[in-house]
Amino acid sequence: MAQVRPFTCIRPCQEKAARIAALPYDVYDRQEAKEEVEREPESFLRIDRAETQFDDSVDTYAPEVYQKAHDILWGMIEDGDFITEDKPCYYIYELTMDGRSQTGIAACASIDDYVNGVIKKHENTRAEKEQDRIRHVDICDAQTGPIFLAYRADPAIRSVVDRVKSTTPEYDFAAPDGVTHRVWVIRDDDDIETIETAFDGISGIYIADGHHRAASAVKVGLKRREEHPDYDGTEEFNYFLSVLFPDEELYIMDYNRVVRDLNGMSPEVFLEKMSEIFDVAPLESEERRPQQKGEFTTYLDGTWYVCRIRPDDRSDDPVLGLDVSLLQELLLTPVLGIEDPKVDPRIDFVGGIRGMDELERRCHADAVAAFAMYPTSIQELFAVADAGLLMPPKSTWFEPKLRSGLFIHALS
C-alpha cells in the first residue's frame, strides 16, 4: 500500500508566488534558461538552473553552480521570499489550460515504495541525467521540483478536494503561457487523516512524468541512509516531493516523430512502401491529427495522409500494442532503418503541444516526413507499468507542466 504523507512545506509568500513559479528545469536549454531569468529575475529557474548566474565559461555542472543554487534558495528563505508551514499539510494544486483543469495533491511519497515497486515506472533513466539532480538535491538539501504521479481515482480523496476547493485559494495566478495555477492548503487534521488513509488503501501509484527526478530523489535518500545508519524511517530524506493526480483528470498529448531522410527512397517509393504495410489514403478533412487509436497521419512531400494499422498487425501486449511501438516495428525499423530511436540522429520527437504546424515547418526545414500519433492513454500507461514493462522512448507528453518553486521539501 502507498505511503503518501503530508509535509512541512516551504513555499513562496503569497505576493511572490506568480513570479517565482517556473517551468521544470529540463524544458530549457542553457540559453533559454538564461533568457527566462533575464525576463523574470525572481524565477525559480535561477535555483533550478543556477548556471544562469554565471558567465557561459562556467560549466553547467561545476561545483560552484550547485553551491550557488543552495545559497540563493536558503537566502530567499531567510529574506522572507518563502515561508515555512507551521505543521505538515497536504496541498491541492489545480492547473487549468485551454479551459481544461486537473487537480492533484502535493505531498511526499516514500522512497521505499519506489524501491519496492508500489510506485511504478514506465521509462528507464540514464545515470548521467540523474547525476545532475542528485547533486542539486543533495547540495540544496531540498527537493524543489515535484514528481508528477498518477493514481486511480478515489472517492474519499475527491470529496475532501472538492470541499476545500470551494474555499479561497492560497495562490491564484495565470502564468505567461496562459496556464492558471491555484493552490489550497489542507490543514484540517481530519481531512489530512482521510487523505493519508485513502492513499494507504491504494496498491499502485504511477510515475507519469519526472522519472529522472524521482530516481535522483530516491538515490539521495538512500545515500543519506548510508550516512545515517541509525535512521528510523521518519526522516525527511525517506520521502520525495510529488503531486498526485487521479487518472480521470489526466490528459496525455500526442508525441510525434519527424525523420530527416527516407533511407535513400523517393517520396513516391516511400509512400508505396507505407501502403503495403498500412491502409493509406490522402487526408480529406482539415483536421490533421489522427482521430482514433490504430491510426496516425503522415506529412510527406507537402501532402497529409491518414494511415491505419491493419487488424492483423495489432497486439494485446501492453507495449507491442501501442501505436508508437507498431509504427516503430512495422515502418521505422524495417523500412527506414531506424533501429534505435533513442540514439539515431535521423529521427526527432515533437511534443503535441507544438501542434501540427510545427510538423509541417520541420518538414520544410530539417526533415522530410512527419508522423502525427494518436495519444497514448493513461490506461495504456498503467497497463505497461502494471506488467513491469517499459514504454518506447517518447510515448507520452503531459500538459500542463507542474511548476517548480511552489512547493519545496527540505531534507533536514
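For the structure, check the block above.
Residues numbered from 1 in each chain as written. Predicted model: local features only at pLDDT ≥ 70, side-chain atom pairs only at ≥ 80, totals over all residues. Heavy atoms only, no water.

A short note on the overall build of the protein
No. 1: Secondary structure summary: the protein contains 13 helices and 21 strands in total.
No. 2: Against the compact-globule benchmark of 22 Å for 412 residues, the protein has a radius of gyration of 23 Å, which places it among compact chains.
No. 3: By its C-alpha atoms, the protein is 65 × 50 × 45 Å across when sized along the principal axes.
No. 4: Residues classed as buried in the protein amount to 56% of the 412 residues present. (Helix = DSSP H or I, 4+ residues; strand = E, 2+ residues; numbered from the N terminus. Rg over C-alpha atoms; globule rule 2.2 N^0.38 Å. Buried < 20%, exposed > 50% of the residue type's maximum accessible area, 1.4 Å probe, protein only.)

Examining helix 4 (residues 63-79)
No. 1: For helix 4, with 17 residues, the first-to-last C-alpha span of 24 Å sits near the 24 Å given by 1.5 Å per residue.
No. 2: Taken as a whole, helix 4 has its buried residues at Val65, Tyr66, Ala69, Ile72, Leu73, Met76 and Ile77. For helix 4, the arc enclosing every buried residue in end-on projection is 130°, short of the 170-degree limit, so these residues lie on one face. In helix 4, the exposed positions that point more than 90 degrees away from the buried face belong to Pro63, Glu78 and Asp79.
No. 3: In the core, the buried residues of helix 4 are packed alongside strand 2 (10-12), helix 1 (17-20), helix 3 (45-48), strand 3 (82-84), helix 6 (127-140) and strand 7 (142-143).
No. 4: Two residues or fewer after helix 4 comes Gly80, characterised by a positive phi angle close to 95°. (Expected span 1.5 Å × (residues − 1). Arc of directions from axis to C-beta. Contact = heavy atoms within 4.5 Å.)

So, helix 7 (residues 155-164)
No. 1: The complete set of buried residues in helix 7 reads Ile157, Val160, Val161 and Val164. Buried residues of helix 7, viewed axially, fall in a sector of 100°; they line one side.
No. 2: Packed against the buried residues of helix 7 are strand 4 (90-97), strand 5 (100-110), strand 8 (147-151), strand 10 (180-186) and helix 8 (189-200).

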